[in-house]
Amino acid sequence: MADQISDPIRKCSIILKNAKSDTEKFAALFMVTKLIKGKDCNEAGKRLLFDAIGLDFVRRLLTSKDVPDASAYQSVALSILSCFCEDEQLATHKDMLESIPVFLGIVSTCDDDEYDDNLIVINEAYHCLQSIAAHEKGRQALKEQGVIKKMAEVYTQQSFQIDEALTLIVTLVSHFGPSSWDDDPKLFHALMQRVSLDFETDHAERKFELADMISVLLFTCRKELISRTVEGEIWPECLYKGVSDILKSKIGKAQRDPTLKMTANILEILGIEWTLHDSENPKKFFLLLLQLAAIEVRMQMDNKSFNQVMAQADLVTACFIILELSMNYMSTDQLDLDQKDKQQVYTGLKGAFSAVLSVFTKLSNDTKKDKLLPKEKAFACAMVRVLSAWLSQETSALKGQVFKLLPFIFKLANESFYASRDHRIKAKTEPTAEQAPADVLRVTLPAMCHLVVEEESRKVFLKEKEEQVLYDCLLFHWTIAHYKKPPIPRAERLKRMNEPDPEMTPVQLEEMKDSRTAIVSLCNIFMNITVLEPKLVEESTVFAQLLRFIFEHLPELKDTPDNLVMHGHLAVLGLLLLKQQSSKIKKNDFSICRYIQTTIRFLWDAYNIDESNDPQELVVSLAYKEYWFEIMELWFLGMQTMSGIIKLIPWISEFCIESGWAEGIIETLKKVKIGTLPPNVKLAYEDFLSQLVDANKSVAAVLKKADALKVCRNHRMMELGKKLFGD
């Protein structure tokens, strides 16, 4: 039986226990090696011997320094421990874990002269540490003892047996993730510098072993902290040279796979700009990497089932990351691609995405799609993510196939959003080291902006009631973008009354920025639906709730440059919804008044002459100038919609007069030099003022008093002139 203890082991354990001194016990150890055969050493036998030898005795052998040939005693002690470490119960035994500092002491001094002739001692110490790290209790003890930091110092500062140190680091960080690293990034950068230099200069098989290890280090690091502090470090360039050398060489699968995986992890931290290191021909490496990733996706997914692809899920996901980041970068038009480059890229991407759609279609028709295991669901979401990046480029290729898959895409994206949202909300009150699940819905938003414009895909969107999910998404992102200081307990309010707002952490600021961008995308989706499905919007409960939300919350938004684009999108979305739901609006609703005042401010502040170099030229205000590319069309749409609303809800014109906006427009245009007013701006103002005159009898007198006649003559506003002064 497995738990039976052989007679030789029983006899040896009795001899060891009866030893009256360390000398006798040491002599007895040599008898053990002669009497006991390997087949006798089952787990029960090992534990009996472990108890009989005693950790105190072994520790004395380990730490004896003032005896002749101390390293021999250490070697014996470590041989004993490394043998016992094979058993989980012994590897995680209290006495074994208490010996970790001794093992660390040995491996951290392996460059010392005393170990020059005794490699076994160091090997056995590393073996003990690796065996302890194989078990949860052991890993926890190693982390608490600062082993990651110690091994990083060994790897960066020493030259002997450092691969074992790196292996131990990788084992631990694979388990603990970003919590493995502290707030100071110096140690991580130093470690990366050494391992990247080794990766660049090693041209044997070890290069690809290092690639795997670098992948783990980058995947588990504190990405935001490292990307923020990487400037001035040399390791990104070392990695670039190493990866470039590999990809430009004749390589097989064993070399290509770890390199692509590592490259994806590099790009997630350093961004796609990392591929443009070659100042002479920056696009060369970028295009090479993009083509390799596209080819790899096609090779792994063409004519394959979902289960077959899952065998290479890590590799394919890495290629997805490369494709997504590359496409996002190309959409900014910062890369100088000629027509030949564009055609090659398009052909490569189309082939890759045909293969992705093929696998995704098979999965969507499979009965197992609702019972996916966590890893399978993660890969399905990765496919949704990369498909969304493709769709957000406004490509018409493969559109028909995508439309059929939209219900399944929405299902996966929605589930990921709610899981991520709930985790993040819970983490505010119950902090956890676990990362929030990936929110795939967030990355599908730009693609949805295009999808809702197409009638076929919009029908699916509305049939699946996706607008309700996006409304929930807007509410969640608002809580992040519109940060509020946590409420102060009543008892402390007086004491903390003049306390400044807590300073935002870099992570909070990044989350706020991302949520602002998400809200802008959500507004664009809702605006498209409002324009294209007016009847639905007029009757929809969700869109009524959305309008109410804008009425109540937009006036609270802080007036900061970072909020301007988001403010403009919410304001104009509110106007479009207000126009559609005008029949339900009540005059005595105070929240509408505040919203209209806020929106007037947004439209009013866009243009002035005070900030112009020429006092007679109308210019975009400085506050808007930086963001004008993003909000220019929005401003014109806002002016046009406001004109339409005044016709439907005449009493809103009162705000335009009482605020001084109508008069202010005339006062400004009066100073503008004849012939310099842009035609589109002139049309926007003239249409608005004309509708104002029609809606409110008192407007004409106000405009005439401000010298509207001069404005009409100077800028040839014929329609406004007729309404004010007749033919």
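The rules behind these values
- Residues numbered from 1 in each chain as written.
- Predicted model: local features only at pLDDT ≥ 70, side-chain atom pairs only at ≥ 80, totals over all residues.
- Heavy atoms only, no water.
- Helix = DSSP H or I, 4+ residues; strand = E, 2+ residues; numbered from the N terminus.
- Buried < 20%, exposed > 50% of the residue type's maximum accessible area, 1.4 Å probe, protein only.
- Contact = heavy atoms within 4.5 Å.
- Core = buried A, V, L, I, M, F, W, Y, C linked by side-chain atoms within 4.5 Å.
- Domains from an automatic or database assignment.
- Expected span 1.5 Å × (residues − 1).
- Polar contact = N/O pair within 3.5 Å; in protein donor to acceptor, adjacent residues only side chain to side chain.
- Phe/Tyr/Trp six-rings, centres within 6.5 Å; stacked < 30°, edge-to-face > 60°.
- Salt bridge = Lys/Arg side-chain N within 4 Å of Asp/Glu carboxyl O.
- Axes fitted to C-alpha atoms, helices over the stretch in contact; angles between N-to-C directions.
- Parallel < 35°, antiparallel > 145°, perpendicular 65-115°, else oblique.
- Left-handed = near helix turned anticlockwise from the far one by under 90°.
- Patch = residues over 30% accessible without salt bridge, like charges linked within 9 Å, V, L, I, M, F, W, Y side chains within 5 Å.
- Areas by Shrake-Rupley, 256 points an atom, 1.4 Å probe, with all protein chains shown as cover.

Caption draft 1: Expanded view of the overall build of the protein chain. Looking only at helices and strands, one finds 39 helices and two strands in the protein chain. Across the 727 residues in the protein chain, those meeting the buried criterion constitute 51%. Of the contacts formed within the protein chain by residues at least 6 apart in sequence, a portion of 77% connects residues at least 24 apart.

Caption draft 2: Quick look at the nonpolar core. If you look at the biggest cluster of nonpolar residues, it comprises 231 residues, and the most contacted ones within it are Met301 and Trp635. Considering every element that reaches this core, the biggest residue donor is helix H20 (residues 313-330), with 12 residues. Shared between two domains, this core takes at least three residues from each, and those domains are domain 1 (177-282) and domain 2 (660-726). Residues in contact with Trp635, not counting those within four places in the same chain, are Leu603, Ala606, Tyr607, Trp628, Val681, Ala684 and Tyr685.

Caption draft 3: Examining helix H24 (residues 440-451) more closely. With 12 residues, H24 extends 16 Å between its outermost C-alpha atoms, agreeing within 8% with the 16 Å of an ideal straight helix rising 1.5 Å per residue. Counting buried positions over the 12 residues of H24 gives nine, a clear majority of the element. The set of residues buried in H24 consists of Val440, Leu441, Arg442, Thr444, Leu445, Ala447, Met448, Cys449 and Leu451. The elements touched by buried residues of H24 are helix H22 (374-391), helix H23 (399-429), helix H25 (455-463), helix H26 (466-481) and helix H27 (506-532). Where H24 begins, one side-chain oxygen reaches toward the backbone nitrogen of Leu441, 3.2 Å away; that side chain belongs to Asp439.

Caption draft 4: Geometry of unusual backbone geometry. Residue Asn303 is not a glycine yet carries a positive backbone phi of 55°. Its location among the elements puts Asn303 in the loop between helix H18 (282-301) and helix H19 (306-310). For Asn303, a relative accessible area of 67% translates into the label exposed. Even without glycine at this site, Asp333 takes up a positive phi of about 60°. Note on placement: Asp333 falls in the loop between H20 and helix H21 (339-364).

Caption draft 5: Just the packing of aromatic side chains, in detail. Counting across every chain of the model gives 23 aromatic pairs. Their ring planes at 85° and their centres at 5.1 Å tell us that Trp181 and Phe188 sit as a pair that is edge-to-face. Phe188 matches Trp181 in its accessibility class, with the two residues each being buried. A centroid spacing of 5.7 Å and a plane angle of 85° characterise the contact between Phe526 and Phe543, whose relative ring orientation is edge-to-face.

Caption draft 6: Structural detail: the pattern of salt bridges. Going through the model one piece at a time under the given rule, you end up with 28 salt bridges. In this structure, Lys411 and Asp370 form a salt bridge, with 3.4 Å as the shortest nitrogen-oxygen distance. Residue Lys411 is located in helix H23, and its partner Asp370 is located in the loop between H21 and H22; the two are separated by 41 residues in the primary sequence. Look at Lys411 and you get partly exposed, because its relative accessible area is 29%. Through salt bridges with shared partners, one network takes in Asp163, Arg194, Asp198, Asp202 and Arg206.

Caption draft 7: Layout of the environment of Leu637. Along the chain, Leu637 turns up in helix H33 (residues 628-648). The class of Leu637 is partly exposed, set by a relative accessible area of 28%. For the pair formed by Leu637 and Ala684, sequence separation is 47 residues and the distance between their alpha carbons is 9.1 Å.

Caption draft 8: Inspection of the packing of H24 against H26 at higher detail. Direction vectors running N to C along H24 and H26 enclose 120°, while the axes themselves pass 12 Å from each other. Regarding the angle of H24 to H26, the classification is oblique. For the element pair H24 and H26, the recorded crossing hand is left-handed. Two secondary-structure elements touch here, H24 through Leu441, Arg442, Leu445 and Met448 and H26 through Glu466, Val469, Leu470, Cys473 and His477.

Caption draft 9: Quick peek at the packing of helix H14 (residues 206-220) against helix H17 (residues 253-270). The geometry of H14 relative to H17 is characterised by a closest axis approach of 9 Å and an angle of 30° between their N-to-C directions. The angle between H14 and H17 falls in the class roughly parallel. The way H14 lies across H17 gives a crossing that is left-handed. Facing H14, whose interface residues are Phe208, Ala211, Asp212, Ile214, Ser215, Leu218 and Phe219, H17 presents Gln255, Pro258, Thr259, Lys261, Met262, Asn265, Ile266 and Ile269.

Caption draft 10: Focus on a nonpolar patch on the surface. Taken together, the side chains of Val453, Val531 and Leu532 define a hydrophobic patch exposed on the protein surface, amounting to about 250 Å² of accessible area. Residue Leu532 is classed as partly exposed on the basis of its relative accessible area of 38%.

Caption draft 11: Geometry of the environment of Leu323. Inspection of the secondary structure assignment puts Leu323 in helix H20. Sequence separation of Leu323 and Val297 is 26 residues, and the distance between their C-alpha atoms is 9.6 Å.

Caption draft 12: Molecular detail of helix H16 (residues 235-247). The terminal C-alpha atoms of H16, which comprises 13 residues, lie 18 Å apart, in line with the 18 Å expected from a rise of 1.5 Å per residue. Of all 13 residues in H16, 10 are buried, a share of seventy percent or more. Listed in full, the buried residues belonging to H16 are Trp235, Pro236, Cys238, Leu239, Tyr240, Gly242, Val243, Ser244, Ile246 and Leu247. Looking at the packing, one finds that the buried side of H16 touches helix H13 (186-201), H14, helix H15 (223-229), H17 and H18.

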